[in-house]
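# Structural overview
Here are the chains, one letter per residue:
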Amino acid sequence: MEITRFAPSPTGNLHLGGARTALFSYLFAKANNGKFLLRFEDTDQERSKEEYVKSILNSLDWMKIKPDSDPVYQSHKTLQHKELAFELYEKGFAYACDCSEIALSKMREEQIIKKQKPMYDGFNRDKGIDFSEGMVLRFKFPLDGESRFKDLILGDISVSNKEFDDFIILRSDGSPTYNFSAAVDDMDMGITTVIRGDDHITNTLKQINVLDALSAKIPNYAHLPMVLGESGKRLSKRDGAEDILDYKKNGYLNDALINYLVRLGWSYGEEEIFSLSELVKIFNLADVNSSPSRYSRDLLDWYNNKYLNFLTSDELMLKVKENSGVDFNKIDKGNLAISLLAKGANSLSQINEESTYFFEEPLIKLGSFNKDPSKKALLLDFVSQLKKIDFDKKTIEEFIKNFLKSNNLKFPELGKPLRVILTGKENAPSISELLFILGKETSLKRIEYSLND
Ligand code: GLU
């Protein structure tokens, strides 16, 4: 059975790249009837914070990514990691090292001068030093040959072992290091496929060697190419990707974000719309692109607009109320009003921002934006005729059409000022729908107010 995991360090909120990694791990497990596990790599005591654990849990929950077991906290496993580090030391896969900071930085400086890659030179590797308090344990990285694995997305990856040094697995204060702990935990949790960002490729090559030394089964690895920002450079704050929950706050729907995220690097023919229940059936790592993807706010907005319009007006009302407190139930024809706004909106917040004219009078005088007396005469004529018609949708549409025709007008000549008068905005939805939803009394009141000097 496939077992995958997401292993965030709770040193910050869940950002877009992390959310995509979590989603792909989750989908891969589910598409293979497997399990998805969560592990907090919280060993950095200074930077790890409980508030980030909570916010990552909330983000995953909002994205409907449910781990199959309680989260594992790496910090609770330090003792076991330490014991295993000593086991490797006893077996000769690791050695004690007492090189001082001063000696190490001198080594580094000399290597830089010689234009060599700065790394530990193995000074104590074969000295057989007995471990004592304050020393570190270093992993005996194989000296010859290559470290390699077949990445499920990127294909064969191999690097000469000369590129690696004997990295520390246990620090002088007795704490295990990331590459050691992550390898042990993947072994312990029975992880079959590790899915993470491609910034971890070097770590993978190190961890494979640790797992080998522990006689553990080596999992499969899949490294996700980066998500670049709009500019093609690293994803940054400007791309709005710092905290997944900000998308929720800003009125994005979780289903839209999930759909958007999965398309950041994964594709399935020409299809664009995927529900989570569909994804857990069809997701496959082989369909993940091996080159970086690029964040696009416009595409995210496009998805959100689509998903807003998949909702019923009752669902929309509930979500807008949750998001911004605005209650469309309070107005007549609230269902129609909210659906009309959703057509042109990219977010729940935008529906709220655009909705003001359904809740309060815009109080616009025609003279404040158009001083042409013929426009006033035209609108006076329009309103006097409007008074006489039935206010059903069809009649309103017909009436407007005929009015334009008999006055020999193009639509904007009437539509533009009317839109401002009815809504206070230049970009508002269809005039006939607006008139219908606002109703006869309100529509006439607004037009008459605007024509009264
Ligand atoms: N804790 C690591 C990080 O947040 C992830 C390590 C992993 O997935 O193995 O980058």
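Everything numeric here is computed off the predicted structure, so don't read it as measured data. (Residues numbered from 1 in each chain as written. Predicted model: local features only at pLDDT ≥ 70, side-chain atom pairs only at ≥ 80, totals over all residues. Heavy atoms only, no water.)

## Quick word on the overall build of the protein
Quick reminder of the rule: Secondary structure is summarised from DSSP: a helix means a run of H or I of at least four residues, a strand means a run of E of at least two, and numbering begins at the N terminus for each. The globule rule used here is 2.2 Å times the number of residues to the 0.38 power, and the radius of gyration it is set against is calculated over C-alpha atoms. For each residue, the accessible area found with a 1.4 Å probe, counting protein chains only, is set against the maximum for its type, and the residue is called buried under 20%, exposed over 50%, and partly exposed in between. In what follows, residue pairs with any heavy atoms lying within 4.5 Å of each other are defined as contacts. Calculation of accessible area relied on Shrake-Rupley with a 1.4 Å probe; when residues are assessed, cover is drawn exclusively from the protein chains displayed.
A tally of helices and strands in the protein yields 18 helices and 12 strands. A compact globule built from 453 residues should have a C-alpha radius of gyration of about 22 Å, whereas the protein, at 31 Å, is more than 25% larger. Counting the 453 residues in the protein, one finds 49% classified as buried. Across the protein, contacts joining residues at least 24 apart in sequence account for 75% of those joining residues at least 6 apart. Only carbon and sulfur atoms are counted for the fraction: they give 48% of the accessible area of the protein, which is about 22,900 Å².

## Observations concerning the packing of helix H5 (residues 178-188) against helix H6 (residues 201-213)
Selection rule: Between the N-to-C directions of two axes lies an angle of 0 to 180 degrees, each axis being a line fitted to C-alpha atoms and, for a helix, fitted only over the stretch in contact. In these notes the angle categories are as follows: under 35 degrees is roughly parallel, over 145 is roughly antiparallel, 65 to 115 is roughly perpendicular, and the rest is oblique. Should the near helix be turned anticlockwise from the far one by less than a right angle, the crossing is left-handed, and should it be turned clockwise, the crossing is right-handed. Polar here means any residue outside two lists: the nonpolar Ala, Val, Leu, Ile, Met, Phe, Trp, Tyr, Cys and Pro, and the charged Asp, Glu, Lys and Arg; Gly therefore counts as polar.
H6 packs onto H5 with a crossing angle of 60° between their chain directions and a minimal axis gap of 9 Å. Classed by the angle they form, the pair H5 and H6 counts as oblique. The chirality of how H5 crosses H6 is right-handed. Contacts from Tyr178, Asn179, Phe180, Ala182, Ala183, Asp186 and Met187 of H5 reach H6 at Asn203, Lys206, Gln207, Val210 and Leu211. Tallied by class, residues from the contact of H5 with H6 come to seven nonpolar, three polar and two charged.

## Remarks on helix H2 (residues 50-62)
To be explicit about the condition: Every helix has an expected span of 1.5 Å times one less than the residues it contains.
The end-to-end C-alpha separation of H2 is 18 Å, in line with the 18 Å expected for 13 residues at 1.5 Å each. Listing the buried residues of H2 in full gives Tyr52, Val53, Ser55, Ile56, Ser59, Leu60 and Trp62.

## A word on the sheet that holds strand E2 (residues 35-40)
Basically, it comes down to this: Note on pairing: DSSP must find at least two bridges between two strands before they are called paired.
Across the sheet, which stays open at both edges, the three strands sit in the order E1-E2-E3 with parallel pairing between neighbours. Both edges of this open sheet fall to strand E1 (3-6) and strand E3 (72-73), since each of them pairs with a single strand only. As paired strands, E1 and E2 are joined by four bridges and run parallel to one another. Directly across from Thr4, in E2, lies its bridge partner Phe36.

## Quick word on unusual backbone geometry
Positioned with a positive phi, Lys64 is a non-glycine residue whose angle comes to about 65°. Mapped onto the secondary structure, Lys64 falls in the loop between H2 and E3. Residue classification places Lys64 among the partly exposed positions, given a relative accessible area of 30%. Despite not being glycine, Lys115 shows a phi value in the positive range, around 60°. Under the relative-accessibility criterion, Lys115 is labelled exposed at 77%.

## Let's talk about the nonpolar core
Defined as follows: Take the buried residues of types Ala, Val, Leu, Ile, Met, Phe, Trp, Tyr and Cys, join any two whose side-chain atoms come within 4.5 Å, and each joined set is a nonpolar core.
Ranked by size, the top nonpolar core spans 94 residues in total, and within it Leu23, Phe328 and Ile351 carry the most contacts. Judged by nonpolar contacts, the second largest core, of 34 residues, contains Ala85, Ala213, Leu214 and Tyr221.

## Here we look at the site of the ligand
This is how the line gets drawn: Throughout, near means a residue has at least one heavy atom within 4 Å of the molecule or strand. Nitrogen and oxygen atoms within 3.5 Å of one another constitute a polar contact, given that in protein one can donate a hydrogen and the other can accept it, and given that sequence-neighbouring residues count only through two side-chain atoms. In this analysis a 1.4 Å probe is tested at points of a 1 Å grid over the protein atoms alone, and where it fits but cannot get out there is a cavity; an open set with protein on both sides within 12 Å along at least five of seven lines is a pocket; lining residues have an atom within 4 Å of a point. To decide whether a molecule occupies a pocket or cavity, check its atoms: if more than half lie within 2 Å of the grid points, it is inside.
Surveying the vicinity of the ligand reveals the residues Arg5, Ala7, Pro8, Ser9, Glu41, Tyr178, Arg196 and His200. Contact distances for the ligand include 2.7 Å between a nitrogen atom and a backbone N or O atom of Ala7. Contact between the ligand and Arg196: an oxygen atom at 2.6 Å from a side-chain N or O atom of the residue. Notes on the ligand: free accessible area 290 Å², of which the protein chains cover 78%. The cavity that encloses the ligand is the largest pocket.

## Thoughts on the environment of Ser132
Along the polypeptide, Ser132 turns up in the loop between helix H4 (101-113) and strand E5 (136-139). Relative accessible area serves as the criterion here: at 35%, Ser132 is assigned to the partly exposed category. Spatially, the C-alpha atom of Ser132 lies 93 Å from that of Lys375, the residues being 243 residues apart in sequence.

## Quick notes on the sheet that holds strand E8 (residues 168-170)
Pairing within the open sheet is antiparallel, and its three strands lie in the order E4-E5-E8. Taken across any chain shown, the strands that pair with only one partner, and hence form the sheet edges, are strand E4 (94-97) and E8. Across this sheet, the average inter-strand angle for adjacent strands is 45°, counted without regard to direction. Sheet topology places E4 next to E5; four bridges connect them, and they run antiparallel. Of the residues in E5, the one forming a bridge with Ala94 is Phe139.

## Some words on the pattern of salt bridges
Note the cut-off: By definition here, a salt bridge exists when the distance from a side-chain nitrogen of Lys or Arg to a carboxyl oxygen of Asp or Glu is within 4 Å.
This model, assessed by the stated rule, comprises 24 salt bridges. The partner of Arg297 in a salt bridge is Asp301, with the nearest N and O atoms 3.6 Å apart. Note that Arg297 and Asp301 are positioned in helix H10 (residues 297-310) at a spacing of four residues, about one turn of the helix. Note on Arg297: relative accessible area 38%, which makes it partly exposed. Two residues, Lys445 and Glu361, come together in a salt bridge whose shortest N-O distance is 3.8 Å. Here Lys445 is found in helix H18 (residues 431-451), whereas its partner Glu361 is found in the loop between helix H14 (356-359) and helix H15 (373-386), with 84 residues between them in sequence. The exposure class assigned to Lys445 is partly exposed, which follows from its relative accessible area of 45%.

## With respect to the packing of aromatic side chains
Rules: The rule is short: rings of Phe, Tyr and Trp, with Trp giving its six-membered ring, pair when the centres are within 6.5 Å, and they are stacked under 30 degrees, edge-to-face over 60, tilted in between.
Applying the stated criterion across every chain yields a total of 25 aromatic pairs. When the centroid spacing of 6.1 Å and the interplanar angle of 85° are considered together, the rings of Tyr260 and Tyr295 count as edge-to-face. Highlighted residues: Tyr260 in helix H8 (residues 254-262) and Tyr295 in the loop between strand E12 (293-294) and H10, separated in sequence by 35 residues. Considered together, Tyr260 and Tyr295 belong to a single accessibility category, that of buried residues. Judged by centre distance (6.0 Å) and plane angle (45°), the rings of Phe399 and Phe403 are tilted. Of this pair, Phe399 and Phe403 are both found in helix H16 (residues 393-406), four residues apart, which corresponds to roughly one turn of the helix. The exposure class of Phe403 is buried, given its relative accessible area of 2%. A connected cluster of aromatic rings, assembled from ring pairs, spans Phe24, Trp266, Tyr268, Phe274 and Phe283.

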